[in-house]
Amino acid sequence: WETMQYVDEMQGRDPRLAAITVCPGNIWLGDATVTPTDLGCSVTGYQVVKFVMDKTLPEWGRVDKSYNDMPVFRYAEVLLNYAEAKAELGTLTQADVDATVNALRDRAGMTAHLDMDAANGSPDPYLLSDEFGYRNVSGPNQGVILEIRRERALELAMEGFRLRDLLRWREGKCLEQPIYGMYFPGVGKYDLTGDGVADINLWQGVNPKSKDVVDFELGVPTGIELTDGDTGFVEHHGNISRSFNESRDYFYPIPTKERQLYHEKGVDLKQNPGWVDGLSY
């Protein structure tokens, strides 16, 4: 899978993928034309489509105004909370899985169901890997817990849950994982809509100034950065160092002003472990 290109990797996926990111054959709501993913507005190449408004709505394209409903508490979250809790407690049954995870998959039109015994019998090695997965899952329900976490990441994508979930699972080290985008085997023209016609051209050296495709220069801050120079994954944040302090970062620091106010009232509010704010009490 590491060297699978965009059009191929998007085939046969969970239908919800096309509700989250632009897939080959994408037609924006309110439009009639197939439009490829835009590398100019996505640092990974996977352009977000979730919550994008219908193009026929007034003032479409503004970043300060939206006509979308704001989900406050979705039923999908209730189902996933229930499935995860029962899996962690060791009381999950296949009937529970069918009433929660598989109900969500049915709603999305996904034919593949989650089988609890199969998941526990053969946990996904990707989800177990130190490089890409979760390190702190074990026990007889290891496989199904991993699958519920995958389901949660997919169903609730772009809805503000991810960081809190990682902290709740004590999986902060996941924040150190690299953020990879599309894979490109080298310079040249690429089809991103699946119609066999090139949409973009990755180049180095002399700007081709193409008329039929959009040109992107490799290896410059305003262009496309690949992991291995002229080949590899798009990695816009490759020069950013990520670290997570297991002994500190599961807690936020208590604001210095709050500690001072408590101290003035005769109560010394202790700072959370690992955080230093210069106060001696």
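Because the structure is a prediction, the values reported are computed rather than measured.

Trainee: Looking at this structure, how should I read the layout of surface pockets?
Mentor: Gaps left between atoms show up when a probe the size of a water molecule is rolled over them. In this structure, the second largest pocket occupies an estimated 380 Å³ of space. Lining of the second largest pocket is provided by 20 residues; of these, Ala-18, Ala-19, Ile-20, Val-49 and Lys-50 occupy positions nearest its centre. For the lining of the second largest pocket, the secondary-structure elements that each account for two or more residues are α2 (17-20) and α8 (142-155). For the lining of the second largest pocket, the element with the highest residue contribution is α2, accounting for three residues. When grouped by side-chain class, the residues that make up the lining of the second largest pocket number 12 nonpolar, two polar and six charged.

Trainee: Please clarify how the pattern of salt bridges should be interpreted in this entry.
Mentor: Pairing between side chains of opposite charge can happen when their charged atoms approach one another. Following the criterion strictly, the structure yields 21 salt bridges and no others. Close ionic contact of Lys-55 with Asp-31 constitutes a salt bridge, the shortest N to O distance being 3.3 Å. Linking Lys-55 in the loop between α2 and α3 (75-89) with Asp-31 in the loop between α2 and α3, this pair joins segments that are 24 residues apart in sequence. Residue Asp-31 is classed as partly exposed on the basis of its relative accessible area of 29%. One salt bridge connects Glu-88 with Arg-149, and the closest N-O pair in it is separated by 4.0 Å. With Glu-88 in helix α3 and Arg-149 in helix α8, this pair connects stretches of sequence that are 61 residues apart. Residue classification places Arg-149 among the buried positions, given a relative accessible area of 4%. Within the structure, one salt-bridge network assembled from shared partners comprises Asp-14, Arg-16, Lys-50, Arg-74, Arg-105, Arg-107, Glu-151, Glu-155 and Glu-159.

Trainee: Would you mind going over a nonpolar patch on the surface with me for this structure?
Mentor: Together, Met-70, Val-72, Phe-73, Tyr-75 and Val-78 give the surface a local cluster of nonpolar side chains, amounting to about 650 Å² of exposed area. Note that Met-70 resides in the loop between α2 and α3.

Conventions and cut-offs
- Residues numbered from 1 in each chain as written.
- Predicted model: local features only at pLDDT ≥ 70, side-chain atom pairs only at ≥ 80, totals over all residues.
- Heavy atoms only, no water.
- 1 Å grid on protein atoms, 1.4 Å probe; cavity = no way out; pocket = protein on both sides within 12 Å on 5 of 7 lines; lining within 4 Å.
- Points joined across faces, edges and corners; volume = space filled by probe spheres on them.
- Helix = DSSP H or I, 4+ residues; strand = E, 2+ residues; numbered from the N terminus.
- Nonpolar A, V, L, I, M, F, W, Y, C, P; charged D, E, K, R; others polar.
- Salt bridge = Lys/Arg side-chain N within 4 Å of Asp/Glu carboxyl O.
- Buried < 20%, exposed > 50% of the residue type's maximum accessible area, 1.4 Å probe, protein only.
- Patch = residues over 30% accessible without salt bridge, like charges linked within 9 Å, V, L, I, M, F, W, Y side chains within 5 Å.
- Areas by Shrake-Rupley, 256 points an atom, 1.4 Å probe, with all protein chains shown as cover.

Read these as spatial facts, not as claims about activity.
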